[in-house]
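Structure at a glance
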Amino acid sequence: ARALTPQTAETDAIRFLVGTQSLRYDNQIHIIDFDDENNIINKNVLLHQVGEIWHISTSPADKGVLATCYNKTSDSKVMTCAAVWRMPKELESGSHESPDDSSSNAQTLELLCHLDNTAHGNMACVMWEPMGDGKKIISLADNNILLWDLQESSDKAVLSSSAALEGKGQLKFTSGRWSPHHNCTQIATANDTAVRGWDTRSMRQIYCIENAHGQLVRDLDFNPNKQYYLASCGDDCKVKFWDTRNVMEPVKTLEEHSHWVWNVRYNHSHDQLILTGSSDSRVILSNMVSISSEPFGHMVDDDELSDQEDQHQEEKIKEPLQDSVIATYEEHEDSVYAVEWSSADPWLFASLSYDGRLVINRVPRALKYHILL
């Protein structure tokens with residue numbers, strides 16, 4: 001397995017979706033519900049009969065709707081296609097009841113529409129407009145950015161605009177993220193060693209970090225609280241943080257992994273918490289306080305402090321907090337291809353390795369209280 005996503009529209013129950021990559025069997029989407037109180041994982045299985053799943057993303061507005069990028073073989077050629085699906089009604093919201101024997105009654109996803117890529121090439125990923133009504137999506141296909149409009153019932157996708165990467169050689173996008181800032185009019189894409197920013201209204205490039213990494217850039221993520229900050233990771237084993245207003249140098253670089261870094265994810269609520277997953281089989285949780293929206297920690301209300309405390313507090317405030325690696329998780333025995341934060345619980349995250357092992361972890365309690373108090 002390599003495809004993992006939280007169910008974005010589900011903000012009460014802790015729920016992740018995992019897509020499988022099997023050549024021999026029908027592929028599946030596993031709906032993973034985590035019951036936090038009893039520490040139990042429940043799962044439901046949906047059949048995805050069209051092919052192995054390379055990427056999966058969920059609608060920000062409708063719990064039942066998701067998109068997948070999958071491999072399809074036709075005339076001995078393999079194409080990566082994309083489609084939008086709806087899960088069965090009874091599985092839409094997080095339930096803690098697991099069917100007794102999930103294998104015998106696996107249900108099938110309902111196809112809403114294909115994102116037709118016959119003219120554009122292989123689909124790398126599908127991104128939903130972050131704050132949107134679930135009707136706007138962008139897909140990256142080979143060297144094309146395609147902006148789609150989903151009709152009312154999502155049963156038809158209309159291509160509303162597109163842009164193409166131009167240059168020498170076989171240009172291909174590897175991944176992209178839609179920025180939650182600037183009224184959702186910007187996306188960032190990765191191709192080869194470059195990271196580019198695009199304006200979705202004009203479909204023009206607005207910035208380009210030429211050699212963001214020494215090798216292929218694998219993944220990107222935007223800081224949810226600081227509008228110009230972007231993280232990237234890649235095959236040079238590094239994670240870099242950029243201010244897109246000045247792309248000459250990264251603001252910070254993390255070099256903790258010993259192999260390709262496949263994923264980087266900002267915590268949605270506390271932007272100093274950064275998750276990375278790599279094919280060194282490790283997941284690393286870092287505390288990047290110095291470039292977060294609270295570089296000096298929480299400001300304390302002056303009225304609450306006595307004079308002595310006051311002085312002490314002032315000294316403390318002047319010092320930016322130190323960046324550090326909080327924890328390295330080594331529960332995986334294979335490459336970690338995906339890490340994601342839960343959309344319902346900011347202290348909980350999941351990681352997925354190629355051997356199909358999904359691990360759910362919590363931010364260490366001491367750090368959680370340090371951040372909150």
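Residues numbered from 1 in each chain as written. Predicted model: local features only at pLDDT ≥ 70, side-chain atom pairs only at ≥ 80, totals over all residues. Heavy atoms only, no water.

For the protein, the name recorded in an unreviewed UniProt entry is EIPR1 protein, with Indicator maculatus as its organism. Recorded in UniProt under Sequence similarities (unreviewed entry), the annotation for the protein is "Belongs to the WD repeat EIPR1 family." (UniProt positions renumbered as here; feature names shortened; annotations may be inferred.)

Those places that UniProt annotates as "repeat: WD" (unreviewed entry) correspond, in this numbering, to residues 210-246. Taken end to end, residues 210-246 comprises 0% helix and 46% strand; its first and last C-alpha atoms sit 12 Å apart. (Helix = DSSP H or I, 4+ residues; strand = E, 2+ residues; numbered from the N terminus.)

In terms of burial, strand β19 (residues 229-234) is a largely internal element, 6 of the 6 residues being buried. Of the two faces of β19, both are covered, the one formed by Tyr-229, Ala-231 and Cys-233 as well as the one formed by Leu-230, Ser-232 and Gly-234. As consecutive antiparallel partners, strand β18 (residues 217-222) and β19 are separated by 6 residues. Pairing geometry for β19 and strand β20 (residues 239-243), over 5 bridges, is antiparallel. In the strand pairing of β20, Ser-232 is matched with Lys-240. Between the antiparallel neighbours β19 and β20 lie 4 residues, among them Cys-237 with a positive phi of about 70°. (Buried < 20%, exposed > 50% of the residue type's maximum accessible area, 1.4 Å probe, protein only. Pairing = 2+ DSSP bridges.)

Take the side chain of Ser-278 next. As for its position among the elements, Ser-278 is in strand β23 (residues 273-278). When its relative accessible area of 0% is taken as the criterion, Ser-278 is described as buried. With sequence-adjacent residues up to four places away left out, Ser-278 is seen in contact with His-257, His-259, Trp-260, Val-261, Trp-262, Ser-335 and Val-336. (Contact = heavy atoms within 4.5 Å.)

Let us now look at the sheet that holds strand β6 (residues 65-74). Judged by pairing direction, the sheet is antiparallel, and its 4 strands sit side by side in the order β5-β6-β7-β9 without closing on themselves. Edge strands, defined here as strands with exactly one partner in the open sheet, are β5 (53-58) and β9 (110-115). The average undirected angle you get between the axes of adjacent strands in this sheet is 30°. With 5 bridges connecting them, strand β7 (residues 77-86) and β9 associate as antiparallel partners. If you follow Val-84 over to β9, its bridge partner there is Cys-113. (Axes fitted to C-alpha atoms, helices over the stretch in contact; angles between N-to-C directions.)

In this section: the pattern of salt bridges. Inspection of the entire model under this criterion finds 15 salt bridges. The partner of Asp-280 in a salt bridge is Arg-282, with the nearest N and O atoms 3.2 Å apart. Look at the salt bridges and you will find they share partners, linking Asp-62, Arg-86, Lys-89 and Glu-92 into a network. (Salt bridge = Lys/Arg side-chain N within 4 Å of Asp/Glu carboxyl O.)

Ranked by size, the top nonpolar core spans 17 residues in total, and within it Val-84, Leu-115, Met-123 and Ile-137 carry the most contacts. Counting only elements with at least two residues in this core, the list comes to β6, β7, β9, β10 (123-128), β11 (136-141) and β12 (144-150). Core analysis: the next-biggest nonpolar cluster, separate from the first, contains 15 residues, Ala-3, Ile-29, Leu-66 and Ala-83 among them. (Core = buried A, V, L, I, M, F, W, Y, C linked by side-chain atoms within 4.5 Å.)

By secondary structure assignment, the location of Asn-287 is in strand β24 (residues 283-287). For Asn-287, a relative accessible area of 8% puts it in the buried group. Residues Asn-287 and Ser-324, 37 residues apart in the sequence, show an inter-C-alpha distance of 5.3 Å.

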